[in-house]
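Architecture at a glance
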Amino acid sequence: MKEQILKNSQNALELEKLYRANKSQFKRDFNELYPQNLQTELGEFWNQRLNYETESISWGSKDEIKFIMICILLAGLIAKFPALFNISEDFFFPRNIGFIIFPFLTAFFVWKNEMSNASKGILISISVLLAVYINFLPNSNSSDTLILACLHLPFILWGMLGYAFTGNSLHPNLQKLAFLRFNGDVAVLSVLLGIAGMLMTGMTLGLFSLIGISIEKFYFEYIAVFGLPAIPLLATLINKNNPQLVDKVSPIIAKLFSPLVLLMLIAYLSAILISGKDPYNDREFLLTFNLLLIGVMALIFFSVAEHFHQKERNWTTWILFLLAIATILVNGIALSAIIFRISEWGFTPNRTAVLGGNILILGHLMWVTALLFQSVNRKTTLQKVGIAIVQYLPIYVVWAFIVVFLFPLMFGFE
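This section reports on the structure supplied with the text. These numbers were taken from a predicted model, which means no experiment stands behind them.

Moving on, we come to the overall build of the chain. From N to C terminus, the chain includes 19 helices and zero strands. Taken over C-alpha atoms, the radius of gyration comes to 24 Å for the chain, in line with the 22 Å a tight globule of 414 residues would show. Here the C-alpha coordinates of the chain stretch approximately 70 × 60 × 50 Å along the principal axes. Expressed as a percentage of contacts within the chain between residues at least 6 apart in sequence, the contacts between residues at least 24 apart total 77%. Summed over its atoms, the accessible surface of the chain is roughly 21,700 Å², and 68% of this surface lies on carbon and sulfur atoms.

Given below as structure tokens:
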């Protein structure tokens, strides 16, 4: 980025493109270069633009607010489909929960990035195909392939959101890193908005109950159903227009929880040896083990995304390296357990899905860990680790496609 800024220091159009490709890194690198290399009229303009601070919160343009409000309304209406069209909630929500949020977030970034009609057509076509397919799968509460398809479909929708977020970026890897960071930032904002929403709900229901009016049924059926999908949509709008709000919070959370999770993981693995529990013969324990694996891996990835710009190798990088090693150990135990279960009782849709997922995660973790080792030894940068993370992410989306579309056929909708 620094090389590109210097190369185009007198080219306003190219500087604007670089800024839009990765705003946070552009600002950091520009501010480092400005005192020595960019003392020009255009450089002064960018210095004022990047470093102007205001205490007020920006809610975006009127068009952005209108767009998000329409998305909230449509998302709420989709959530109301079971009531509006007399559809079983047990049938509708497992299959369509992802369509309540992801398509609208995707549409927002498609609009903001001014993506081509061809790209819009591809995204719309895939969304329609997914919606039709998942809702026409045979309805059986005992079908493992149906459950797996419902669980993996949101990963495909998430991948489509990532495609829309990166847009037509000149620096796709950096923009993918920005997308990974966006997920963490929006998660933080969504939790805060969710807590505020719960407090508001409690106060509202409590105040009405004091005067003898019960509004619980009306509130949850006609207000909360629109409020829940509004949380990530509003978090996205706020984050896009006020990146400074969580710019310091997310790195603190990542830096605080990484060592705590490492200690928890070491204690947990030690406790397993003492308790005698094992994932080889306990199916529920194996499921918990895999959920732990996914959660810790996500923490590593988000932590790298939050710290990839740092130049020095500090204790955070060492913590991430040790956490990655511990996670590989957890993955190895989970992988050996599922191989044992397959050798004893054969292949089933669930065992095959867990096996494939664990193999993909192990390969990814080993690649990332090798680069983290190079990073702590000053042979590579943390940014290279981040790029390795995002370059691998499409493989998970491909695997989700396989589970959603091929598993039902491979296992006869079992």
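From this point, things continue past the structure.
Right, let's talk about the packing of helix 10 (residues 144–166) against helix 18 (residues 349–376) for a bit. Two numbers describe how helix 10 lies on helix 18: the axes approach to 9 Å, and their chain directions differ by 35°. Contact residues: helix 10 offers Asp-144, Thr-145 and Leu-148, while helix 18 offers Pro-349, Asn-350 and Ala-353. The class makeup of the residues in the contact of helix 10 with helix 18 is three nonpolar, two polar and one charged.

Core analysis: the biggest nonpolar cluster contains 103 residues, and Leu-130, Leu-323, Leu-372 and Val-385 have the highest contact counts within it. In this view, Leu-130 contacts Phe-99, Leu-153, Ile-156, Leu-157, Met-160 and Phe-405; residues no more than four positions away in its chain are not counted. Formed by 13 residues, the second largest nonpolar core is a distinct cluster that contains Leu-18, Tyr-19, Leu-33 and Leu-38.

Here the structure, examined in full by the defined rule, presents four salt bridges. Via salt bridges that share partners, Glu-64, Lys-112 and Lys-240 belong to a single interconnected network.

What follows is about the packing of aromatic side chains. Within the structure shown, the criterion is met by 29 aromatic pairs. Each ring, one from Phe-45 and one from Trp-46, has its centre 6.0 Å from the other, and the planes form 80°; the classification is edge-to-face. Its relative accessible area of 2% is what places Trp-46 among the buried residues. Between the aromatic rings of Phe-340 and Trp-345, the centroid separation amounts to 6.3 Å while the plane-to-plane angle is 85°, which identifies the pairing as edge-to-face.

A word on helix 15 (residues 249–275). For helix 15, built from 27 residues, the straight-helix expectation of 39 Å at 1.5 Å per residue is met to within 8% by its first-to-last C-alpha distance of 37 Å. Of all the bends found along helix 15, the most pronounced is centred on Phe-257 and spans about 25°, while Pro-259, a proline, follows it within four residues. Along helix 15, the residues that are buried comprise Ser-250, Pro-251, Ala-254, Ser-258, Pro-259, Val-261, Leu-262, Leu-265, Leu-269 and Ile-272. Immediately downstream of helix 15, the backbone of Gly-276 shows phi near 85°, a positive value.

Glancing now at helix 19 (residues 382–410). In this model helix 19 runs 41 Å from its N-terminal to its C-terminal C-alpha over 29 residues, within 8% of the 42 Å that 1.5 Å per residue would give. At Val-404, helix 19 shows its maximal bend, which comes to roughly 35°, and the proline Pro-408 appears one to four places after that position. One or two steps after helix 19, the chain reaches Gly-412, where phi turns positive at roughly 60°.

So, about unusual backbone geometry. Here Asn-86, not a glycine, exhibits a phi torsion of approximately 55°, which is positive. Take Asn-86: it is sitting in the loop between helix 6 (81–84) and helix 7 (89–96). With a phi close to 50°, Glu-114 is a non-glycine residue in the positive phi region. Along the polypeptide, Glu-114 turns up in the loop between helix 8 (102–112) and helix 9 (117–136). On the basis of relative accessibility, which here comes to 68%, the residue Glu-114 falls in the exposed class.

The rules behind the values
Residue positions are given per chain, counting from 1 as you read along its sequence in written order. Reporting of local features is limited, given that this is a predicted model, to residues whose pLDDT is at least 70; pairs of side-chain atoms are given and counted only at 80 or more, and all residues count toward the totals for whole chains, interfaces and linings. Water and hydrogen atoms play no part in the side-chain values, which are based on all heavy atoms of the structure. Secondary structure follows DSSP: runs of H or I at least 4 residues long count as helices, runs of E at least 2 residues long count as strands, and numbering of each begins at the N terminus. Throughout, radius of gyration means the C-alpha value; the globule benchmark is 2.2 Å times the number of residues raised to the power 0.38. Here, two residues are considered to be in contact whenever any of their heavy atoms come within 4.5 Å of each other. Method for areas: the Shrake-Rupley scheme with a 1.4 Å probe, in which residue coverage is limited to the protein chains shown. Fitted lines through C-alpha atoms serve as axes, helices being fitted only where they are in contact, and the angles separating the N-to-C directions of these axes extend from 0 to 180 degrees. In this count, Pro and Cys sit with the nonpolar residues alongside Ala, Val, Leu, Ile, Met, Phe, Trp and Tyr, while Asp, Glu, Lys and Arg are called charged and the others, Gly among them, polar. The definition of a nonpolar core used throughout is a set of buried Ala, Val, Leu, Ile, Met, Phe, Trp, Tyr and Cys residues joined through side-chain atoms within 4.5 Å. Type-normalised accessible area, obtained with a 1.4 Å probe on protein chains alone, sets the label of each residue: buried when under 20%, exposed when over 50%, and partly exposed for intermediate values. Between Lys or Arg on one side and Asp or Glu on the other, a salt bridge is scored when a side-chain nitrogen of the former is within 4 Å of a carboxyl oxygen of the latter. Each aromatic pair joins two rings of Phe, Tyr and Trp (for Trp, the six-membered one) with centres within 6.5 Å, and gets the label stacked for planes under 30 degrees apart, edge-to-face for over 60, and tilted for any other angle. Given a helix with a known number of residues, its expected span is that number minus one, times 1.5 Å. The bend reported for a residue corresponds to the angle between axes fitted to the seven residues ending at that residue and the seven starting there.

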